[in-house]
Amino acid sequence: MRTYQNQDLIVYWKPENCIHVANCIHNLPSVFNKKNRPWIDINGASPEEIIKLIDTCPSGALSYSLPEGSRVDPDLGKGPGSLHYRHEAPQVEVRLMKNGPILIKGPSILYDESGAQLKTGDAFSLCRCGKTKNPPFCDGSHRY
Ligand code: FES
């Protein structure tokens, strides 16, 4: 997991969870831009704008928390994109993405066909197109 921080916000990015629907790039390009290094400029928009965008991240690859002393309204920092929200969520959400993967959000354990524990976490994207190079996880190959 990679982190990007300023005095008001910490953004976390889990690249292995990203399903490349580009929700962040299309909706807040001043912060999320693949042409830049690093690709996340945490100072490219207000922390409130970044929080609202991350709350819509479909895969859970992006999340946030508020550092001590943050000037952001603490209630705003408790949205569905909050790092802690996902840990406290009482249920698991399963969503089918149009022409894309199955998203599973919420504390989960993924087992393989033999019953061996494959992965634990708060968000998984499972391939349903059959094109992934990292089965059973979506790697964005469905775009092609
Ligand atoms: S659904 Fe994304 S790679 Fe198959």
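Each value, and the rule that gives it
Residues numbered from 1 in each chain as written. Predicted model: local features only at pLDDT ≥ 70, side-chain atom pairs only at ≥ 80, totals over all residues. Domains from an automatic or database assignment. Contact = placed C-beta atoms within 7 Å. Helix = DSSP H or I, 4+ residues; strand = E, 2+ residues; numbered from the N terminus. Buried ≥ 20, exposed ≤ 12 C-beta atoms within 10 Å, placed from the backbone. Core = buried A, V, L, I, M, F, W, Y, C linked by C-beta atoms within 7 Å. Pairing = 2+ DSSP bridges. Axes fitted to C-alpha atoms, helices over the stretch in contact; angles between N-to-C directions. Arc of directions from axis to C-beta.

1. A short note on the domain arrangement of the protein chain
Item 1. One can read the domain layout of the protein chain as domain 1 (2–87) and domain 2 (93–143).
Item 2. Taken together, the nine residues of domain 1 in the interface contact twelve residues of domain 2.

2. Overview of the environment of Pro-38
Item 1. Here Pro-38 lies in the loop between helix H1 (23–27) and helix H2 (47–54).
Item 2. Residue Pro-38 is classed as exposed on the basis of its C-beta count, with 10 C-beta atoms lying within 10 Å.
Item 3. Along the sequence, Pro-38 and Tyr-4 sit 34 residues apart, while their C-alpha atoms lie 9.2 Å from each other.

3. With respect to the nonpolar core
Item 1. Grouped together as the largest cluster of nonpolar side chains are 21 residues, with contacts concentrated most on Val-11, Ile-50, Ile-54, Leu-62 and Tyr-64.
Item 2. For this core, the elements supplying multiple residues, two or more each, are strand S2 (10–13), H2 and strand S3 (62–65).
Item 3. At four residues, the largest contribution of residues to this core is made by H2.
Item 4. If sequence neighbours within four positions are ignored, Leu-62 has contacts with Val-11, Trp-13, Cys-24, Ile-54, Cys-57 and Gly-81.

4. A few points about the environment of Tyr-4
Item 1. Mapping Tyr-4 onto the fold places it in strand S1 (residues 2–5).
Item 2. Sequence-distant contacts of Tyr-4, defined by excluding residues within four places in its chain, comprise Val-11, Pro-38, Ile-40 and Ile-42.

5. Remarks on the sheet that holds strand S6 (residues 117–126)
Item 1. Taken together, the three strands give an open sheet; going across it, the order is S4-S5-S6, and neighbouring strands pair in antiparallel fashion. Each having just a single partner strand, strand S4 (93–96) and S6 make up the two edges of the open sheet. Between one strand axis and the next, the sheet turns through 30° on average, direction left out of account.
Item 2. Pairing geometry for S4 and strand S5 (residues 102–111), over four bridges, is antiparallel.

6. Notes on H2
Item 1. Turning to H2, its buried residues number three or more, namely Pro-47, Ile-50, Ile-51, Leu-53 and Ile-54. Take H2 and look down its axis: the buried residues cluster within an arc of 165°, on one side only.
Item 2. Contacts made by the buried residues of H2 are with S2, H1 and S3.

7. Concerning the sheet that holds S3
Item 1. As summarised here, the arrangement of the three strands in space is S1-S2-S3, forming an open sheet in which the pairing is antiparallel. The open sheet has two edge strands with one neighbour each: S1 and S3. The mean inter-strand angle of the sheet, taken between neighbouring strand axes irrespective of direction, is 25°.
Item 2. Of the strand pairs in this sheet, S2 and S3 are connected by four bridges, and their pairing is antiparallel. Looking across to S3, one finds that Val-11 is bridged to Tyr-64.
Item 3. Those strands touched by H2 are S2 and S3, and its axis lies near 135° from that of S3.

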